[in-house]
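# Coordinate inspection notes
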Amino acid sequence: RHAGALVFRGSEQDVLDRYWRAAAWLGAGAIVRVTSDCPLIDPALCGDVIETFHRTGADMVCNDLLPVWPHGLGCEVFSRQWLDRAAREAAVPADREHVSLYILEHPEARVIGLLGPYDPAARHRWTLDRESDYRLLKEVFARLPSGPAGWSHRAALAVVAADPDALTRVCRGADAIVNAVNPPYTAWPTRWPPIAHALLTAAEATDWQMFRVETRG
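### Overview of the overall build of the protein chain
Looking only at helices and strands, the protein chain has 9 helices and 6 strands in total. Sorting the 217 residues of the protein chain into buried and exposed places 39% on the buried side. A separation threshold of at least 6 residues defines the contact pool for the protein chain, and within that pool the share at least 24 residues apart is 66%. Carbon and sulfur atoms provide 55% of the accessible area of the protein chain, an area that totals close to 13,000 Å².

### Regarding the pattern of salt bridges
Overall, the coordinates contain 11 salt bridges when judged by the stated rule. Arg21 is paired through a salt bridge with Asp17; the nearest N and O atoms lie 2.8 Å apart. Placement of the pair is Arg21 and Asp17 together in helix H1 (residues 15-26), with a separation of 4 residues, close to one helical turn. The network of salt bridges with common partners includes Arg85, Arg88, Glu89 and Glu108.

### Overview of unusual backbone geometry
Although it is not a glycine, Val99 adopts a positive phi angle of roughly 65 degrees. Secondary-structure assignment places Val99 in the loop between helix H4 (93-98) and helix H5 (101-104).

### Focus: the nonpolar core
One finds Leu40, Val49, Val61, Trp126, Val140, Leu144 and Ala156 to be the most contacted residues of the largest nonpolar core, which totals 21 residues. Contacts of Leu40, omitting those with residues within four sequence positions, involve Gly72, Leu73, Trp126, Leu137, Val140, Phe141, Leu144 and Ala156. If you look at the next biggest cluster of nonpolar residues, it comprises 17 residues, including Trp82, Leu83, Ala86 and Ala109.

### Here's the deal with helix H6 (residues 131-143)
For H6, built from 13 residues, the straight-helix expectation of 18 Å at 1.5 Å per residue is met to within 8% by its first-to-last C-alpha distance of 19 Å. Where H6 is concerned, the buried positions are Asp133, Leu137 and Val140. Angularly, the buried residues of H6 cover 60 degrees about the axis, an arc narrow enough to put them on a single face. Across H6 from its buried face, at more than 90 degrees, point the exposed residues Glu131, Lys138 and Ala142. Looking at the buried positions of H6, the neighbouring elements they touch are helix H7 (153-161).

### A few points about the state of the cysteines
Disulfide: a covalent bond formed between the sulfur atoms of two cysteine residues. Applying the stated criterion across every chain yields a total of 0 disulfides. Just so you know, Cys75 is unpaired, no disulfide at all, and the nearest cysteine sulfur is the one on Cys46, 3.5 Å from it.

### Quick notes on the side chain of Glu76
Note that Glu76 resides in strand S3 (residues 76-79). In this structure Glu76 comes out as buried when scored by relative accessible area, which is 6%. Only 2.8 Å separates the side chain of Glu76 from the side chain of Ser100, close enough to count as a polar contact. The residues contacting Glu76, other than those within four sequence positions of it, are Ile31, Val32, Arg33, Val49, Met60, Val61, Cys62, Asp64 and Ser100.

Parameters and conventions
Residues numbered from 1 in each chain as written. Predicted model: local features only at pLDDT ≥ 70, side-chain atom pairs only at ≥ 80, totals over all residues. Heavy atoms only, no water. Helix = DSSP H or I, 4+ residues; strand = E, 2+ residues; numbered from the N terminus. Buried < 20%, exposed > 50% of the residue type's maximum accessible area, 1.4 Å probe, protein only. Contact = heavy atoms within 4.5 Å. Areas by Shrake-Rupley, 256 points an atom, 1.4 Å probe, with all protein chains shown as cover. Salt bridge = Lys/Arg side-chain N within 4 Å of Asp/Glu carboxyl O. Core = buried A, V, L, I, M, F, W, Y, C linked by side-chain atoms within 4.5 Å. Expected span 1.5 Å × (residues − 1). Arc of directions from axis to C-beta. Disulfide = S-S within 2.5 Å. Polar contact = N/O pair within 3.5 Å; in protein donor to acceptor, adjacent residues only side chain to side chain.

Encoded structure:
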């Protein structure tokens, strides 16, 4: 409230009902859903989801329909009509807890999923459920650039790419690595050496074949 945001409080257990009542209170025609256990939400990526929803007229657009983004960047937009129907008809406890699950279960709903970077980026876990999640996120936030430069998921990927242990965990079991991390040229003296070290360490630990993508002047 101190930030000028409207606050609605509803049922703790019936999350679907809480969303529906909040939407009715605000008179919302479309609902954007992000969850508070995903602190690395990318506002630009959410903007892409919202833009696609308005441009296509779909009933729902999301970026987590398939596991193609790091787990923890989930954003959904769905219509008020489908939220009303879900709140009225959903009876299964899971549908009441996960809000949009009812929509996804109905083939007549027009749902669009945004494509993402797939592996290895999609193997990252950036959600907060366990103590290990907290430790990882704390390390990532400590290394992110300040201000808008640190809001992009690419900034978080760059942080993890420079961490040998994190990169090894994410890519264990992969057959090959394609390095597409490319800091600005002006930052190469400080940012490229730890990235290269992490890539080489992970490659040695996981028996990868490594392909380096680079530019030449």
